[in-house]
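One letter stands for each residue in the lines below.
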Amino acid sequence: MTSHTPSERSGLALLVIAAAQLLMVMDGTIVTVGLPVIGTGLGIAEADLDWVLTSYALAFGGLLLAGGRAGDVFGRRRLFRAGLAVFLAASLLGGLAGNGSVLIAARVLQGVGAAIVAPAALSLLADTFPAGPQRNKALGVYGAMGGLGSVAGLLLGGALTEYLGWRWIMFINIPIALLVLAGTYALRPGTRERGGLDLPGAATVTLALGALVYAINRAGSHGIGDPLTLTFGAAALVLLAAFVLIQRGARSPMLPPGVLADRGRLGANLVMLLMGAGQLATFYFLTLYMQTINQYSPMITGLAYLPFAIGIGIGSGLIGPRLQARASTRTVLTIGMAVAAAAMGWFSLLTPDQNPLLVLLPAQLAGGIGLGIGFVAATIGGVQGVTARDSGIASGLVNTSQQIGGALGLAVLAGIAAAATTSVPPGTPVQDALTSGYTAGMLGAGGFYLAAILTAVLLLRSRPTNPDSRRMPETLRTTR
């Protein structure tokens, strides 16, 4: 084996960790553009297509904190490798899926693998780079992979679907995961802690959220009074209550009570949940609009998302940090969410024959800018003031809020869109009825953003963020 200098080894370690982060985030959106083709190929009804997205976000978000704790206990490099192996096997299963049930099961398994890899990667990065400028630079690269991953997923998903077929959306993960696995020799084993895993807590909260999402989905098509809807809704409540009881009695709770004891951190996480709820649903409805109504090819659909990607880059890389340096987190979040909500109102002007230069593309740019500003502020608010011991959990909780928000929001808004489509007057052309549903769903996303503004005003502090808390990467410490 070729020897490397410490600098070369740390550079390779950063490459491996960043590539893993890119892969995990990319798979949250890579199937979006291919959804209509997947639905046709596997016979999945349009009302059920959202589960191809939701299943990944639900497993990823629900198990993220437990995955981080597992890495602390069993070894971060070991868990990083194990998570990649699970993700690789799930991608193979998804690519070979012969029906929708197998594909959704594979997406769940991918989410499990991602929930193991993502927190282990962040902890390994902190183990590899000492606190200060080196770690800040490495965390900057790591964070950039999060934004790049969403964009790369949309673009790559469109190209693969059009030129190689939708199954390559799954198969493309295999060579990337193998390369990352091969590079893990450059990673340090990482520190380990004493303690146990809160498996009952992780199981109950994941099952509770799954039951809740299913109940909301079914309510949209069968009504709130449907017996199965009521059964799953009741099960969700019981499981959530069980989770609270388990957390109170657990030696190593999945969610330490001190993390959410601060009102500002609680508010920031609620805002992140609401942002995730609106963003994933917006991608879902825009994809269906572009491919079903406008008849865009998957490749053109992917390219049409570029304004959204550019907007997120402007909001998170330029405007957001400058606003954060001058104003409170509450003010910055209010500005970002107001812009994002206005963009959703702009989307409501879409019609089957609407010029994309008037609504589709500029509204995406505005929505991306608003969300980019919001993500910066919510992330800082979510880790502000935590102790060094809880910083990893706090960071993981921000990601969990976004993933779970996406799963729940898509379930709610898909039901609203379906109801809006079926409630149009008799004789309405199909394209007009579908567009009414899609725009109703995006207006619902705007409602989530307005709720985020209210949450920020009620729970976050009005004073400007202090300089130390603005330097978010320095608050991320390896849990000792």
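What counts and how
- Residues numbered from 1 in each chain as written.
- Predicted model: local features only at pLDDT ≥ 70, side-chain atom pairs only at ≥ 80, totals over all residues.
- Heavy atoms only, no water.
- Phe/Tyr/Trp six-rings, centres within 6.5 Å; stacked < 30°, edge-to-face > 60°.
- Helix = DSSP H or I, 4+ residues; strand = E, 2+ residues; numbered from the N terminus.
- Buried < 20%, exposed > 50% of the residue type's maximum accessible area, 1.4 Å probe, protein only.
- Axes fitted to C-alpha atoms, helices over the stretch in contact; angles between N-to-C directions.
- Parallel < 35°, antiparallel > 145°, perpendicular 65-115°, else oblique.
- Left-handed = near helix turned anticlockwise from the far one by under 90°.
- Contact = heavy atoms within 4.5 Å.
- Nonpolar A, V, L, I, M, F, W, Y, C, P; charged D, E, K, R; others polar.
- Expected span 1.5 Å × (residues − 1).
- Patch = residues over 30% accessible without salt bridge, like charges linked within 9 Å, V, L, I, M, F, W, Y side chains within 5 Å.
- Areas by Shrake-Rupley, 256 points an atom, 1.4 Å probe, with all protein chains shown as cover.
- Salt bridge = Lys/Arg side-chain N within 4 Å of Asp/Glu carboxyl O.
- Polar contact = N/O pair within 3.5 Å; in protein donor to acceptor, adjacent residues only side chain to side chain.

**Student:** Explain the packing of aromatic side chains to me, and be specific about the residues and the numbers.
**Tutor:** Scanning the entire structure with this criterion turns up 6 aromatic pairs. Measuring from centroid to centroid gives 5.5 Å for Trp168 and Phe171, while their planes differ by 80°, and the two rings are edge-to-face. You can see Trp168 and its partner Phe171 sitting in helix H7 (residues 168-171), 3 residues apart, about one turn around the helix. Judged by its relative accessible area of 17%, Phe171 is buried. Both rings, one in Phe285 and one in Tyr438, keep their centres 6.5 Å apart while their planes meet at 35°; by these two values the pair is tilted. With Phe285 in helix H11 (residues 263-293) and Tyr438 in helix H17 (residues 430-459), this residue pair connects regions lying 153 residues apart in the sequence.

**Student:** Any details on the packing of helix H3 (residues 50-74) against helix H4 (residues 76-95)? Residues and values, ideally.
**Tutor:** With their axes 8 Å apart at the nearest point, H3 and H4 run at an angle of 150° to one another. By the criterion of interaxial angle, the relationship of H3 to H4 is roughly antiparallel. Considering how the two elements wind past one another, H3 and H4 form a crossing that is right-handed. Note on element contacts: H4 touches H3 through Arg76, Arg78, Leu79 and Phe87, opposite Tyr56, Ala70, Gly71, Asp72 and Phe74. Taken together, the residues of the contact of H3 with H4 break down into 5 nonpolar, 1 polar and 3 charged.

**Student:** Describe H4, listing the residues and the values that go with them.
**Tutor:** Its 20 residues give H4 an end-to-end C-alpha distance of 28 Å, which sits within 8% of 28 Å, the value for a rise of 1.5 Å per residue. Considered for burial, the residues of H4 that qualify are Arg76, Leu79, Phe80, Gly83, Leu84, Phe87, Leu88, Ala90, Ser91, Gly94 and Gly95.

**Student:** Would you mind going over the packing of H11 against H17 in detail, with residue names and values included?
**Tutor:** For the pair H11 and H17, interaxial distance at closest approach is 9 Å and the crossing angle is 165°. Here H11 is positioned roughly antiparallel relative to H17, judged by the angle of their axes. Between H11 and H17 the crossing geometry is left-handed.

**Student:** Account for a nonpolar patch on the surface, with residues named and values stated.
**Tutor:** Together, Ile300, Leu303, Leu306, Ile310 and Leu365 make up an exposed nonpolar region whose accessible area comes to about 390 Å². Tracing the sequence through the fold places Ile310 in helix H13 (residues 306-326). For Ile310, a relative accessible area of 48% puts it in the partly exposed group.

**Student:** Account for unusual backbone geometry, naming residues and giving values.
**Tutor:** In this structure, Gln295 takes a positive phi of about 60° despite not being glycine. On the basis of relative accessible area, Gln295 is assigned to the exposed category, the value being 60%.

**Student:** Please give an account of the side chain of Ser55 that cites residues and values.
**Tutor:** With respect to the helices, strands and loops of the structure, Ser55 is situated in helix H3. A residue is classified by how much of its surface remains accessible, and Ser55, at 4% relative accessible area, is buried. A polar contact is formed between the side chain of Ser55 and the backbone oxygen of Trp51, at a distance of 2.7 Å. In this view, Ser55 contacts Ile104, Arg107 and Val108; residues no more than four positions away in its chain are not counted.

**Student:** Account for the environment of Arg218, with residues named and values stated.
**Tutor:** Checked against the element boundaries, Arg218 lands in helix H9 (residues 199-222). The sequence separation of Arg218 and Ala47 amounts to 171 residues, and the corresponding C-alpha distance is 9.7 Å. In this structure, Arg218 is in contact with Gly223, Asp226, Leu228 and Thr229, ignoring residues within four places of it in sequence.

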